[in-house]
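Each chain is listed here by its residues.
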Amino acid sequence: MSSLRLIVFGRQGAGKGTQAVRLADHYGIPHISTGDMLRAAAASGSDFGRQVKEIMDSGSLVSDQVMEGVVAERLAQPDAAAGFLLDGYPRTPGQAEYLQTLLAPDGVQAAINLEVPEDVVVDRITGRRVCSSCGTTYALGRDESAASGLCANCGGEVLQRPDDTEDSVRKRLALYAESTEPLLSWFRERDLLVDVDGVGDPDDIAAALVARIDERRSGAPGAGS
Ligand code: AMP
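Residues numbered from 1 in each chain as written. Predicted model: local features only at pLDDT ≥ 70, side-chain atom pairs only at ≥ 80, totals over all residues. Heavy atoms only, no water.

## Some thoughts on the pairing of strand E4 (residues 110-115)
Then step 1. Taking burial as the measure, the six residues of E4 include five buried ones, the bulk of the element.
Then step 2. Two elements, strand E1 (residues 4-10) and E4, share five bridges in a ladder whose sense is parallel. Residue pairing for E4: Val 8 is matched across the bridge by Ile 112.
Then step 3. The pairing of E4 with strand E8 (residues 193-197) spans five bridges and is parallel. If you follow Asn 113 over to E8, its bridge partner there is Asp 195. (Buried < 20%, exposed > 50% of the residue type's maximum accessible area, 1.4 Å probe, protein only. Helix = DSSP H or I, 4+ residues; strand = E, 2+ residues; numbered from the N terminus. Pairing = 2+ DSSP bridges.)

Following this line, the structure appears as structure tokens:
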């Protein structure tokens, strides 16, 4: 079968990271996160890394032009020849245009939009508790350690992260919506957007994602919806 070129979108707390790893495993393609790549560059301390770190720390986006170089180089690696799952790119309509040109004539096969209503992700994130010693994550209402404040793993103190409050989460979600909506429209207009319900059991969601992607690859009727 031809190579599989996917993009994944999802607001914070939608389970995008979890599903991205599962999909990449299932199809045997690399999960390429531009955020992870830029953080690795920043940690390397190179000149490029230092410039990138400054931009990331200021909360801004790296320029489209710089990202073009980063993405073109990564997608040219041998492991991406059979396909890839891009996470964090494109971030702007200009990046989307560039990606389709880079991958011409075929472009990406699907941009997945993992949909979880805002109130659900706000509940998930504000209910999240993290061990300050070992980093294990717990959920209020599910894990005893979240309620007791005592880590089941190491006995450390289990706390809420300062930016996991409702106010802060809603602000981040508003920013995501503002910057991502035009991109979702960009892919929807080209019949490339695949909306998938991200609420429920992670195994069921992964199965639904695979079914929708396979449907598209086989060109099944209605696959474009
Ligand atoms: P992320 O982990 O995807 O949230 O990315 C972390 C940071 O890396 C972002 O806040 C941006 O500064 C930068 N970044 C990641 N991907 C891109 C992109 N496609 N375009 C511009 N900047 C990006």
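Picking up where we left off.
## Points about the site of the ligand
Then step 1. Around the ligand sit 13 residues in total, of which Thr 34, Arg 39, Ser 60, Gly 88 and Gln 95 are the nearest.
Then step 2. Note that a nitrogen atom of the ligand is positioned 2.9 Å from one of the side-chain N or O atoms of Thr 34.
Then step 3. Between the ligand and Gln 95 there is a distance of 3.0 Å, counted from a nitrogen atom to a side-chain nitrogen or oxygen.
Then step 4. Broken down by element, the shell around the ligand gets its largest block of residues, four residues, from helix H2 (residues 34-44).
Then step 5. Grouping the constituent residues of the shell around the ligand by class yields six nonpolar, five polar and two charged. (Near = heavy atom within 4 Å. Polar contact = N/O pair within 3.5 Å; in protein donor to acceptor, adjacent residues only side chain to side chain. Nonpolar A, V, L, I, M, F, W, Y, C, P; charged D, E, K, R; others polar.)

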